[in-house]
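# Secondary and tertiary structure notes
Residue strings, one per chain:
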Amino acid sequence: MTDATPAGADPQDARALADRLAAVLADPARRPLLVALDFDGVLAPLVDDPSTSAILPAGVEVLAALGGRDGVLLALVSGRAMADLHALAEVPPGTYLVGSHGAERARVTTSGLDRDVVELTPEQADRLAALGARAAAVARGRDGVWVETKPTAVVVHTRLAEREVAGPAEQEALALGAELGAGTLHGKDVVELTVLPADKGTALQALRHELGAPVVLYAGDDVTDEHAFAALGDDDLTVKVGAGATAARYRVADPEAVVGVLAAVERATR
């Protein structure tokens, strides 16, 4: 794995990625290729209200085309709760969905979701309830700070808050996680406190081994995606979307550029 790259997009990254992708797709021994993607900031531009997030129309089209191709497997790997991810995803049947940073998993079918059941122990359920109550106190009285409850975690969101409000709220949420023994993930304008330890890297490696994928293409934009970048190997294609220090080997500018990468995969597999 390469060292972290400096912030700022390098146009060479996109060209180098295209060349490497062409070489991978030309080699039958490297099939199936697992194309795994974060959702927000990768397929869907970031928005203030997460409930309005949507995949770019061109992305919906190219994923639909890739869904029927031999030698290509599709997955979304997101911090979103599974129900939320499925409602917004607009992906073809056969796509694997990994939600809550790996704590939830399902496969899209023509009739809905084929889900793995998540079960908490009584102790975990009690800790989740305590986290929810205490996180609500963190958000109370702070404009733009709100709390989301997932099946295995509680998330403190600060995207809508002013920086002088968001910073202290995030620090209190991190302290809460340490106090109650929860796993913590500190991403862009969010602090997630989980009672079922999971990360995108562990989840992605488990999926690729289950599916027998020799090569994984993974694209993500957040600090939580660094777990996936670090877990993947030298033969994999790791892609940072946007600026920021990263362990990914390649960088593209934005979701529009991600769609361009997917279009290159689609053309090469016709």
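Further up the page is the structure itself.
Because the structure is predicted, anything quoted here is derived from the model rather than measured. (Residues numbered from 1 in each chain as written. Predicted model: local features only at pLDDT ≥ 70, side-chain atom pairs only at ≥ 80, totals over all residues. Heavy atoms only, no water.)

### Some words on the overall build of the protein
Summing up its helical and strand segments, the protein has eight helices and 12 strands in all. The globule rule puts the C-alpha radius of gyration for 270 residues at 18 Å, and the 18 Å found for the protein is close to it. Its C-alpha atoms give the protein principal-axis dimensions of about 55 × 40 × 35 Å. The burial tally for the protein puts 49% of its 270 residues in the buried class. Considering only residue pairs separated by 6 or more positions, the protein has 57% of its internal contacts joining residues 24 or more positions apart. Total accessible area computed for the protein in this model is approximately 11600 Å², and 53% of it derives from carbon and sulfur atoms. When the 24 basic and 40 acidic side-chain charges of the protein are each reduced to a single mean position, those positions are 3 Å apart. (Helix = DSSP H or I, 4+ residues; strand = E, 2+ residues; numbered from the N terminus. Rg over C-alpha atoms; globule rule 2.2 N^0.38 Å. Buried < 20%, exposed > 50% of the residue type's maximum accessible area, 1.4 Å probe, protein only. Contact = heavy atoms within 4.5 Å. Areas by Shrake-Rupley, 256 points an atom, 1.4 Å probe, with all protein chains shown as cover. Lys, Arg positive; Asp, Glu negative; His and termini not counted. Charge placed at Lys NZ, Arg CZ, Asp CG, Glu CD.)

### Quick look at the environment of L120
With respect to the secondary-structure elements, L120 resides in the loop between β5 (112–115) and α4 (122–139). Put simply, L120 and L196 are 76 residues apart on the chain and 7.9 Å apart in space, counted from C-alpha to C-alpha.

### Brief notes about the packing of α4 against helix α5 (residues 163–180)
Viewed as axis vectors pointing N to C, α4 and α5 meet at an angle of 155°, and their least axial separation amounts to 10 Å. Our classification of the angle between α4 and α5 gives roughly antiparallel. Once α4 is placed against α5, the crossing between them reads as right-handed. Where α4 approaches α5, its residues R127, A130, L131, R134, A135 and V138 are matched on the opposing element by A169, E172, A173, L176, E179 and L180. Of the residues in the contact of α4 with α5, the class split is eight nonpolar, no polar and four charged. (Axes fitted to C-alpha atoms, helices over the stretch in contact; angles between N-to-C directions. Parallel < 35°, antiparallel > 145°, perpendicular 65-115°, else oblique. Left-handed = near helix turned anticlockwise from the far one by under 90°. Nonpolar A, V, L, I, M, F, W, Y, C, P; charged D, E, K, R; others polar.)

### Here we look at the side chain of K240
By the element assignment, K240 lies in strand β11 (residues 237–241). For K240, which is buried and forms no salt bridge, the nearest opposite charge comes from E226, at a distance of 4.5 Å. When near neighbours in sequence (up to four residues on either side) are disregarded, K240 contacts G220, D221, D222, E226, F229, T246, A248, Y250, R251 and V252. (Salt bridge = Lys/Arg side-chain N within 4 Å of Asp/Glu carboxyl O.)

### As for the nonpolar core
Core analysis: the largest hydrophobic core is formed by 39 residues, its most contacted members being L33, L37, L76 and L262. When residues in this core are grouped by element, the largest group, five residues, is from helix α8 (residues 255–268). Sequence-distant contacts of L33, defined by excluding residues within four places in its chain, comprise L21, V24, L25, G71, V72, L73, V215, V216, L217 and V265. Of all hydrophobic cores here, the second largest spans 18 residues; its members include Y96, V98, A203 and A213. (Core = buried A, V, L, I, M, F, W, Y, C linked by side-chain atoms within 4.5 Å.)

### Regarding the pattern of salt bridges
Using the criterion set out here, one finds 20 salt bridges in the structure. Ionic pairing is found between R30 and D27, a salt bridge with its closest N-O pair at 3.6 Å. Under the relative-accessibility criterion, R30 is labelled partly exposed at 28%. When its relative accessible area of 27% is taken as the criterion, D27 is described as partly exposed.

### Thoughts on the packing of helix α2 (residues 57–66) against α8
Between α2 and α8, the least distance of the axes is 10 Å, while the angle of their chain directions is 25°. The orientation of α2 with respect to α8, classified from their angle, is roughly parallel. Helix-helix and strand crossings are classified by hand; for α2 and α8 the assignment is left-handed. Facing A58, G59, V62, L63, A65 and L66 of α2, the residues of α8 in contact are V259, L262, A263, V265 and E266.

### Considering the side chain of T224
Relative to the elements of secondary structure, T224 occurs in the loop between β10 (215–220) and α7 (226–231). Note on T224: relative accessible area 5%, which makes it buried. Not counting the four nearest positions on each side in its chain, T224 is found in contact with H101, L185, G187 and K200.

### Considerations on helix α6 (residues 200–211)
End to end, α6 covers 16 Å across 12 residues, agreeing with the expected 16 Å (1.5 Å per residue, within 8%). Within α6, burial applies to K200, G201, A203, L204, Q205, L207, R208 and L211. Among the structural elements, β1 (33–37), β2 (72–77), β3 (96–99), β4 (104–109), β10 and α7 are those in contact with the buried residues of α6. (Expected span 1.5 Å × (residues − 1).)

### Describing the pairing of β1
With five of five residues buried, β1 lies mostly within the body of the structure. Relative to β2, β1 is paired through five bridges, and the arrangement is parallel. Residue L34 lies in a different strand from β2, and its bridge partner there is L73. Where the polypeptide runs from β1 across α2 and back to β2, its parallel neighbour, the crossover connection is right-handed. (Pairing = 2+ DSSP bridges. Right-handed = clockwise from strand over helix to strand, strands pointing away.)

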